[in-house]
Amino acid sequence: MTSTDMRTEAEDSGPSGYAAARLRLLQEGARSGPPRRAALAELTDDWLSGLFDAGADQPRGISLVAVGGYGRGELSPRSDLDLVLLHDGSADPGTVAPLADRIWYPVWDLGLALDHSVRTPAEARKTAGEDLKVQLGLLDARHIAGDLGLTAGLRTAVLADWRNQAPKRLPELQELCAERAERQGELQYLLEPDLKEARGGLRDATALRAVAASWLADAPREGLADARKRLLDVRDALHLATGRATDRLSLQEQDQVAADLGLLDADTLLRQVYEAARVVSYASDVTWREVGRVLRSRAVRPRLRAMLGGGKPAPERSPLAEGVVEQDGEVVLARAARPERDPVLPLRAAAAAAQAGLPLSLHAVRRMAAATRPLPTPWPAEAREQLVTLLGSGPSTIEVWEALEAEGLITRLLPDWERVRCRPQRNAVHIWTVDRHLIETAVRAAEFTRRVHRPDLLLVSALLHDIGKGWPGDHSVAGEIIARDVAARIGFDRADVATLATLVRHHLLLVETATRRDLEDPATVTSVAEAVGSQGTLELLHALTEADALATGPAAWSSWRGSLVADLVKRVSAVLAGDDPEEPEAAAPTAEQERLAIEAFRTGGPVLALRAQTEPPTEEPSGDPEPLGVELLVAVPDQEGVLPAVAGVLAMHRLTVRTAELRALDLPDGVPGSVLLLDWRVAAEYGSLPQAARLRADLVRVLDGSLDISGRLAERDAAYPRRRGIVAPPARVSVASSASRLATVIEVRAHDAPGLLHRIGRALENAHVRVRSAHVSTLGANAVDAFYVTGPEGAPLPGEQAASVARTLEDTLRE
């Protein structure tokens, strides 16, 4: 059926005909995108025109006007209808009200969302002057039915008001956009973005139209229309997939939306959304900067004219670097600059801008993108030095880097960047896309350049450490290969190339080892020393590890993790200096541990003690010790089931376990028997820690069988909030061969949930192995835990038994 046939059906059959024609249009596979949105708006126009003209007498001095998105002729499947019934004030109220009812009620009867008002032109202008959102909607006013002259007069008046009031209203609009961005976040980084409200979304695209309508400034137009179209197409598919008027692209809808748009998968969908949002965000930055420049110029010009007798002063230009100057708060090219003869100019201009904390002008970036020839391979020393300067400039690096990337200069300099550009990271720990995370890591690394002897290698390794995420397989392995190629192309010598490759290959080594391995085990320290190879590389890797974690998100770094990494670095440094790691001797119990053990033996039950752990004060004068968690000491007469019992009680009280050690402690001479001593580091999920007496009471009940801790945790687990439609990957359990000579290391990777450590402990008890220590690490919703286990006699498990225990534990966690 053609569009004309649909309109005829809608007009002839009233609301039911319009509903049928609308449904048919939305179900057409051949039409989507702008043609469908325009056809839906046209179909709706015809229906509303019919409602407007359906009365016995044709009203005079009244018109029906579409505003907002409907006014632009862009109706998504579940969009609101934004309508104004405009009248000149001469009509009888008894005529206007029935006419409004004749239009509004059929819309409501069909279940369509309606934003409506009845106003005279003067009332509409007054309301627009008081409410910026109303004024923005009226800028897109479009005539539907009735008195065309009345609508045209309103449009002319509203646009004139907007242009006259632009110096006052545009700062209000900018503030509104900034508040919304603060509230909704940046569309180009969110895993579940709001396509309309987030920064870089459809609201910002509409704001750019309003700025252009003011004639005060204009947005960069290249790519902006396509970006806006892409976001609208995704919203259309989202409306059809959900059947709801939603702008939130939730995780459970992404696969369906991607399929409806003919895309490979949800990651491809997100990448296209991010690319579109990035175009809108960059255009917004440039436009608001231009608005500010124009408004400042208007405020200063009258005074200057008075001082100079009406002459126009030349803009002040301050040199920053060869071919680069500052003008009016931006970095521009000098008049003598020749980009076509100076391939280093983009990096020199970017470094100068970042060092000065100024933005690169859009004109300068585009001129360099159009004229600059490629750098030779390997790069000249100046180019490499300018890249390092840019990366080491701190937070101002980000805006300058984004300006280069918006015009394609980054991928021209570093072709491997294309694979990580706008690449989403489906990990709750990460708050950035891969490319933005790399830049954030460089920004963090800039804070540590005084800690290392080769800050250039630190900054470049920060830029490249996750470059392998654009390739299949282990990104560290792929990244090592890419880093070698990039480092050689940039112009580093052979030794530096090898160092950068090692840093990229092992950028996760320190934090994973420190949080998942027993640092008292000589094999742990020796393996890290062999991988790192030198004191200089260890120093760089330590700084890179911290920068990477800080740039990942708040869940990736803490004082506790930092203290573990620092301890590991100290031990590895000693080995690299020539010291041999010694087999650890069982530490003598402290006085407190001995007291608890005797008390546990005397009472025949568990004894607990809680003690806060802190790190030393910072070097700053006002630095205070920062809590690393709480040490929980538990002494229990030797018996089975202690580990799962304690873990279950802690889970019931919502305590997060960071580390756990368990050993049998022989009592002093003259006291027969032994006591199990558990040394835990715990932290409250929220709120304050429970009292030790409450923990002890519950532990007593679990050990004597009067409290079914497994059942209690199962009830909690059933009520644990989970997102609809999200299925966690199954647990994986493996044996880390050669990780220790003293015990067998079993690694567990699973979805974190209440009581997980209790289930693991119970399964290991059932397998008749003893847990020497546990190293617990939780990243977002993922638990990565390592357990050092031995047989009953204290020796590592034979290979076949270790594999069997791992399989059994994995089967248990997958139930």
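Quick caveat, the model's predicted, so the values are computed rather than measured.

S.K.: Can you break down the overall build of the protein residue by residue, with the values?
M.R.: When helices and strands are counted, the protein shows 30 helices and 15 strands. A burial count over the protein gives 52% of its 815 residues as buried. Intrachain contacts of the protein at a sequence separation of at least 6 include 70% that bridge at least 24 residues. In the form shown here, the protein has an accessible surface area of approximately 37000 Å², with 50% of it arising from carbon and sulfur atoms.

S.K.: Give me the lowdown on the sheet that holds strand β6 (residues 324-327), citing residues and values where you can.
M.R.: Strands sit in the order β5-β6-β7 across an open sheet of three strands; the sheet is antiparallel. This sheet does not close on itself; its edge strands, each paired only once, are β5 (317-321) and β7 (330-333). Averaged over all pairs of adjacent strands, the angle between strand axes in this sheet comes to 40°, irrespective of strand direction. Contacts between helix α12 (residues 345-356) and the sheet are confined to β5, β6 and β7, with β5 contributing the most and set at about 115° to the helix.

S.K.: For the pairing of strand β1 (residues 62-66), give the residues involved together with the corresponding values.
M.R.: Across a regular strand the side chains alternate sides, sitting on one face of the sheet and then on the other. By the criterion of burial, β1 is predominantly enclosed, with five of the five residues buried. Burial along β1 is two-sided: the residues Ile62, Leu64 and Ala66 and Ser63 and Val65 are all buried. Taken together, the five bridges between β1 and strand β2 (residues 81-87) define a ladder with antiparallel strand orientation. Across the sheet, Ile62 pairs through a bridge with His87, a residue of β2. In this sheet, strand β4 (residues 142-146) lies alongside β1 in antiparallel orientation, the contact comprising four bridges.

S.K.: Describe the environment of Leu51, listing the residues and the values that go with them.
M.R.: Structurally, Leu51 can be placed in helix α2 (residues 33-52). For the pair Leu51 and Leu99, spaced 48 residues apart in sequence, the C-alpha to C-alpha distance is 8.6 Å. If we skip the residues at most four places from it in the chain, Leu51 touches Arg102, Ile103 and Pro106.

S.K.: I'd like to hear about helix α27 (residues 692-703), residue by residue, with values.
M.R.: With 12 residues, α27 extends 16 Å from end C-alpha to end C-alpha; this agrees with the ideal 16 Å at 1.5 Å per step. Those residues of α27 lying buried are Leu695, Asp698, Leu699 and Val702. All buried residues of α27 project into a common sector of 105° when viewed along the axis, lining one side. Looking one or two places after α27, you find Gly705, whose phi comes out positive at around 85°.

S.K.: Run through the sheet that holds β4, naming residues and quoting values.
M.R.: In sheet architecture, strand pairing relies on hydrogen bonds along the backbone and comes in two forms, parallel and antiparallel. One open sheet accounts for four strands, arranged β3-β2-β1-β4; its pairing is mixed. Of all strands in the sheet, those bounded by a partner on one side alone are β3 (114-119) and β4. Here the strands of the sheet are splayed against their neighbours by 25° on average, with no regard to which way each runs. Contacting β1, β2 and β3, helix α4 (residues 93-109) crosses the sheet at an angle of about 175° to β3.

S.K.: How would you explain the nonpolar core if you had to name every residue and give the values?
M.R.: Judged by nonpolar contacts, the single largest core of 92 residues is most densely connected at Leu360, Trp379, Trp401, Leu414 and Trp417. Counting residues per element, this core draws most heavily on α12, at eight residues. Counting 51 residues, the second largest nonpolar core, distinct from the first, contains Leu713, Val733, Leu756 and Val789.

S.K.: Can you lay out the pairing of β7 for me, pointing to particular residues and giving the numbers?
M.R.: The side-chain alternation of β7 yields two buried faces, one formed by Glu330 and Val332 and the other by Val331 and Leu333. As consecutive antiparallel partners, β6 and β7 are separated by two residues, and within that stretch Asp328 has a phi angle of approximately 55°, a positive value.

S.K.: Explain α12 to me, and be specific about the residues and the numbers.
M.R.: Side chains three or four residues apart in an α-helix point the same way, a direct result of the helix having 3.6 residues per turn. With 12 residues, α12 should cover 16 Å at 1.5 Å per step; its first-to-last C-alpha distance of 16 Å lies within 8% of that length. Within α12 the residues assigned to the buried category are Leu345, Pro346, Leu347, Arg348, Ala349, Ala350, Ala351, Ala352, Ala353 and Ala354. The first or second residue beyond α12 is Gly357, which carries a positive phi of 70°.

S.K.: Any details on the packing of α2 against helix α9 (residues 224-242)? Residues and values, ideally.
M.R.: Between α2 and α9, whose axes approach to 9 Å, the crossing angle comes to 65°. Compared by their axis directions, α2 and α9 come out roughly perpendicular. In this structure, α2 crosses over α9, and the sense of that crossing is left-handed. Between α2 and α9, the contacting residues are Gly33, Pro34, Arg36 and Arg37 on the first element and Lys229, Leu232, Asp233, Asp236 and Leu240 on the second.

S.K.: Describe the packing of aromatic side chains, naming the residues involved and giving the relevant values.
M.R.: As enumerated under the stated definition, the model contains four aromatic pairs in all. Their ring planes at 90° and their centres at 5.2 Å tell us that Tyr105 and Trp108 sit as a pair that is edge-to-face. On the criterion of helical spacing, the pair formed by Tyr105 and Trp108 is a turn pair, its members being three residues apart in helix α4. A relative accessible area of 36% places Trp108 in the partly exposed class. The ring of Trp471 is capped by Arg419, whose NZ or CZ atom sits 3.6 Å from the centre of that ring.

S.K.: Just give me the short version of the pattern of salt bridges, but keep the residues and values in it.
M.R.: Summed over the entire model, instances satisfying the criterion amount to 52 salt bridges. For Arg505, the salt bridge identified is with Glu480, shortest N-O distance 3.9 Å. Remark: Glu480 occurs in helix α19 (residues 475-490) and Arg505 occurs in helix α20 (residues 494-505); sequence separation between them is 25 residues. Residue class for Arg505 comes out partly exposed when judged on its relative accessible area of 29%. Residue class for Glu480 comes out partly exposed when judged on its relative accessible area of 21%. Close ionic contact of Arg772 with Asp518 constitutes a salt bridge, the shortest N to O distance being 3.6 Å. Of the two residues, Arg772 is situated in strand β14 (residues 770-779) and Asp518 in the loop between α21 (509-516) and α22 (522-532); the sequence distance between them amounts to 254 residues.

S.K.: Hey, could you go over unusual backbone geometry for me, with residue numbers and the actual values?
M.R.: For the bond from Thr377 to Pro378, the omega torsion is -5°, close enough to zero to count as cis. The residue Cys422 is not glycine, and still its phi comes out positive at about 60°. If you trace the backbone, Cys422 turns up in the loop between α16 (409-413) and α17 (434-446). The exposure class assigned to Cys422 is buried, which follows from its relative accessible area of 0%. Of note in this structure, Arg654 is not a glycine but carries a positive phi near 55°. Following the sequence through the fold, Arg654 ends up in the loop between α26 (642-652) and β10 (655-666).

Definitions and limits used
- Residues numbered from 1 in each chain as written.
- Predicted model: local features only at pLDDT ≥ 70, side-chain atom pairs only at ≥ 80, totals over all residues.
- Heavy atoms only, no water.
- Helix = DSSP H or I, 4+ residues; strand = E, 2+ residues; numbered from the N terminus.
- Buried < 20%, exposed > 50% of the residue type's maximum accessible area, 1.4 Å probe, protein only.
- Contact = heavy atoms within 4.5 Å.
- Areas by Shrake-Rupley, 256 points an atom, 1.4 Å probe, with all protein chains shown as cover.
- Pairing = 2+ DSSP bridges.
- Axes fitted to C-alpha atoms, helices over the stretch in contact; angles between N-to-C directions.
- Expected span 1.5 Å × (residues − 1).
- Arc of directions from axis to C-beta.
- Core = buried A, V, L, I, M, F, W, Y, C linked by side-chain atoms within 4.5 Å.
- Parallel < 35°, antiparallel > 145°, perpendicular 65-115°, else oblique.
- Left-handed = near helix turned anticlockwise from the far one by under 90°.
- Phe/Tyr/Trp six-rings, centres within 6.5 Å; stacked < 30°, edge-to-face > 60°.
- Lys NZ or Arg CZ within 6 Å of the ring centre and 35° of its normal.
- Salt bridge = Lys/Arg side-chain N within 4 Å of Asp/Glu carboxyl O.

Remember that the coordinates give geometry; whether it matters functionally is a separate question.
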